[in-house]
Structures are given as C-alpha cells and as structure tokens.
Amino acid sequence: MPEFDRSTLAIVDDIRDREQASDGHSRYGAYLAQHADDFHEDGAPLRPVEFAIAAWRTATAPVMAPGYVAVRPDVYPLDVYRDHHGNPGFCAKVGLRHGDLARRPDHRLRARDWERDPWGRHDDPFPVLISPERTDRPAVLVAATLLLPIPDDILLRPTAARPGRTLTHEAKQVVAALAAHANTHLSPLVDDLLGGAR
C-alpha cells in the first residue's frame, strides 16, 4: 500500500506494475491494450491533451484497481480533463467536514456530516469520506472542487497509436509527469483547504 502524506496526492507504482504483470513487463500495458480504442483517432496517435487524459484515466481507479497510479483516498476523483478552451487541467474533489469550515452549520440544525468509510482503516490520516448511513435528520455535505492547469510542456506527443512497449513507455512517461505536477502544485492547495486537519 502506498504511503501518502500531506504533500503526496498521487504515487506511481512501477514495482507493483512489473511484479503483477501477466506479460512479465507491465500490468498497466495490459490495461492499455484492453482500452486500445481510447489511444488512437482513426488509426493516428492522439493529440497530447487527449493522450494525457486517456493515459491518466487508464492508470487510475476505477479502470485499474489497484491503479498504476494510486490517488490519496481523501481526494476523489483526481481527474485530468480538457477545459472549454482545450487546455489540460486537473480536477480534484475533496470532502470538507464541518470542523474544517470557518463557519459551521447552525448547531440547532444538528446536521449530519460526512462519515469515515467504515471499511477503511480507523487510523488512516487521509480517510475516505462517505455520506451518512442514517438519514433521520438533515445532512450538510460540503465538498470543494479544485482545478489546476497542467502546462503543455509536461505533455508529450505520442508516436504510437497501438498497444505495445512504445505506447506503454510513452503513457508511463506522461503519467509520471502528471503525478509529479499534482504532488508539487495541487497538494499544497488541498493542504491549505484542509488546514492540515486530517
């Protein structure tokens, strides 16, 4: 299991990828082959933004579980997307518990809050938050959506449009660059938002 901290939102796991590979090379490569139609446009390699989106989506849950890229459990989803101008970016969602808010819901409302996933570890510093199991009173479930631009210079223009070692290598390159960018630039935003509360 990857070890997350306040400055790490995404971990690329090359060791597990190789150890669990059915072809002896890359488990992620096998998933790329299963989703081959996502990696070409009429037989031609994708544009860099579309390639990054497809590579990240395939590398993370729910497509790959466990993912080639593990995402910190309290940040879900962490997606790569294209904005309305065609520029790449990250979109992260973070649940905020009432205690994380500067102003809490009126105590007379006795509103329920996000709850820790009962199937998670009780000592997990970054728990998965779920909606309340009981619905006998109101709930105020606050979530923040964080958007972070991704610079074009960390993307790459793929040379392959079909599964194989070249496509796998290029997808791994772009996914590693995306994970590093998220850890460097997005994790401080998440940490500021949570105020180190978790």
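Residues numbered from 1 in each chain as written. Predicted model: local features only at pLDDT ≥ 70, side-chain atom pairs only at ≥ 80, totals over all residues. Heavy atoms only, no water.

1. Let's talk about helix H4 (residues 165–194)
Here's step 1: Between its first and last C-alpha atoms H4 spans 40 Å; for 30 residues at 1.5 Å apiece the expected length is 44 Å, and the two agree.
Here's step 2: The sharpest bend along H4 comes to roughly 40°, located at Leu 186, with the proline Pro 188 sitting one to four residues further on.
Here's step 3: Positive phi shows up at Gly 195, right after H4, with a value of about 60°. (Helix = DSSP H or I, 4+ residues; strand = E, 2+ residues; numbered from the N terminus. Expected span 1.5 Å × (residues − 1). Bend = angle between axes of the 7 residues up to and from the residue.)

2. Thoughts on the nonpolar core
Here's step 1: If you look at the biggest cluster of nonpolar residues, it comprises 43 residues, and the most contacted ones within it are Tyr 28, Trp 56, Phe 90, Val 174, Val 175, Leu 178 and Leu 186.
Here's step 2: At the level of secondary structure, the elements contributing two or more residues to this core comprise helix H2 (27–34), helix H3 (48–59), strand E5 (75–82), strand E6 (88–96), strand E9 (142–149) and H4.
Here's step 3: Considering each element in turn, this core owes the most residues, 10 residues, to H4.
Here's step 4: Among residues more than four places away in sequence, those in contact with Leu 186 are Leu 9, Leu 78, Phe 90, Ala 92, Leu 146, Leu 148 and His 181. (Core = buried A, V, L, I, M, F, W, Y, C linked by side-chain atoms within 4.5 Å. Buried < 20%, exposed > 50% of the residue type's maximum accessible area, 1.4 Å probe, protein only. Contact = heavy atoms within 4.5 Å.)

3. Notes on the packing of H2 against H4
Here's step 1: Look at H2 against H4: their axes get within 10 Å of each other, and the N-to-C directions meet at 110°. In this view, H2 runs roughly perpendicular relative to H4, as classed from their interaxial angle. When H2 is examined against H4, the residues Tyr 28, Gly 29 and Leu 32 are found in contact with a partner set consisting of Leu 167, Thr 168, Ala 171, Lys 172 and Val 175.
Here's step 2: Within the contact of H2 with H4, the residues separate by chemical class into 5 nonpolar, 2 polar and 1 charged. (Axes fitted to C-alpha atoms, helices over the stretch in contact; angles between N-to-C directions. Parallel < 35°, antiparallel > 145°, perpendicular 65-115°, else oblique. Nonpolar A, V, L, I, M, F, W, Y, C, P; charged D, E, K, R; others polar.)

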